[in-house]
Amino acid sequence: MKPHRHSVALVIKNDRDELLLVKRPEDEEGPLAGVWGFPAITLKPNESETHAAHRIGPTKLGVEVDVGEKIGELSCDREAVILHLSDYAATIPEGHTPSVPQSDTTVTQYVDLKFTSDPTELFPAAQRGSVCTQIYLSSIGVDWIGDSR
């Protein structure tokens, strides 16, 4: 039986309704190396989704985050694990600026970040199997294979 991994991702929007995207390292192993997506983290044993969601801010972005409603969730069978991932809406408090990478080397650190109003920038990640981008794109009615619904 495959092990289970439970993760959360944040869909962070600024006051102009732009999405915060982070870029994974190019030298990382796996299909998501070098793609733009959402900041995410794996839950620790007995950790709640909302606690993990709050942990993304300081651990991966160097700022606190205000976590809102759950956008959606999805489970999928990966090569080595069964992944369960949930997306949460979030904002960064006014006057705070995210930055990457952070110093915690026990988790994947991102190499770049940007804000965008174009959700199609998430298509490459979704097409490579990024569950968090697939959840978000489906939630806004966009077929990440390429056509709008």
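As annotated in an unreviewed UniProt entry, the protein carries the name Nudix hydrolase domain-containing protein and comes from Mycobacterium heckeshornense.

(A) Examining the UniProt feature "domain: Nudix hydrolase" (unreviewed entry) in the protein more closely. Taking the numbering used here, the UniProt-annotated feature "domain: Nudix hydrolase" (unreviewed entry) corresponds to residues 4-78. Split by type, residues 4-78 is 17% helix and 41% strand. Its first and last C-alpha atoms lie 10 Å apart.

(B) The arrangement of the layout of surface pockets in detail. Estimated volume of the largest pocket: approximately 720 Å³. Taken together, 32 residues form the lining of the largest pocket, with Arg5, Arg24, Leu32, Arg78 and Leu83 sitting closest to its centre. If you list the elements that add at least two residues to the lining of the largest pocket, you get strand 1 (4-12), strand 3 (36-37), strand 4 (40-42), strand 6 (82-91) and helix 3 (131-139). Considering each element in turn, the lining of the largest pocket owes the most residues, 3 residues, to strand 4. Along the lines of polarity and charge, the residues of the lining of the largest pocket split into 17 nonpolar, 8 polar and 7 charged. Here the second largest pocket is characterised by a volume of approximately 260 Å³. If you trace the second largest pocket, you find 13 residues lining it, with Asn14, Asp15, Ile92, Glu94 and His96 closest to the centre. Class assignment for the residues of the lining of the second largest pocket results in 5 nonpolar, 4 polar and 4 charged.

(C) Region of interest: the packing of aromatic side chains. Applying the stated criterion to the full structure yields 1 aromatic pair. On the numbers, 5.4 Å between centres and 85° between planes, the contact of Phe38 with Tyr136 is edge-to-face. Of this pair, Phe38 sits in the loop between strand 3 and strand 4 while Tyr136 sits in helix 3, and the two are 98 residues apart along the sequence. Each member of the pair, Phe38 as well as Tyr136, carries the same accessibility label: buried. When the ring centre of Trp36 is taken as reference, the NZ or CZ atom of Lys114 above it lies at 4.3 Å.

(D) The arrangement of the pairing of strand 5 (residues 66-77) in detail. Summarising the sheet, strand 5 and strand 6 pair through 9 bridges and their orientation is antiparallel. When the sheet's bridge partners are listed, Gly72 is paired in strand 6 with Asp87. The turn joining strand 5 and strand 6, which pair antiparallel and follow one another in sequence, is formed by 4 residues.

Thresholds, definitions, all that
Residues numbered from 1 in each chain as written. Predicted model: local features only at pLDDT ≥ 70, side-chain atom pairs only at ≥ 80, totals over all residues. Heavy atoms only, no water. UniProt positions renumbered as here; feature names shortened; annotations may be inferred. Helix = DSSP H or I, 4+ residues; strand = E, 2+ residues; numbered from the N terminus. 1 Å grid on protein atoms, 1.4 Å probe; cavity = no way out; pocket = protein on both sides within 12 Å on 5 of 7 lines; lining within 4 Å. Points joined across faces, edges and corners; volume = space filled by probe spheres on them. Nonpolar A, V, L, I, M, F, W, Y, C, P; charged D, E, K, R; others polar. Phe/Tyr/Trp six-rings, centres within 6.5 Å; stacked < 30°, edge-to-face > 60°. Buried < 20%, exposed > 50% of the residue type's maximum accessible area, 1.4 Å probe, protein only. Lys NZ or Arg CZ within 6 Å of the ring centre and 35° of its normal. Pairing = 2+ DSSP bridges.

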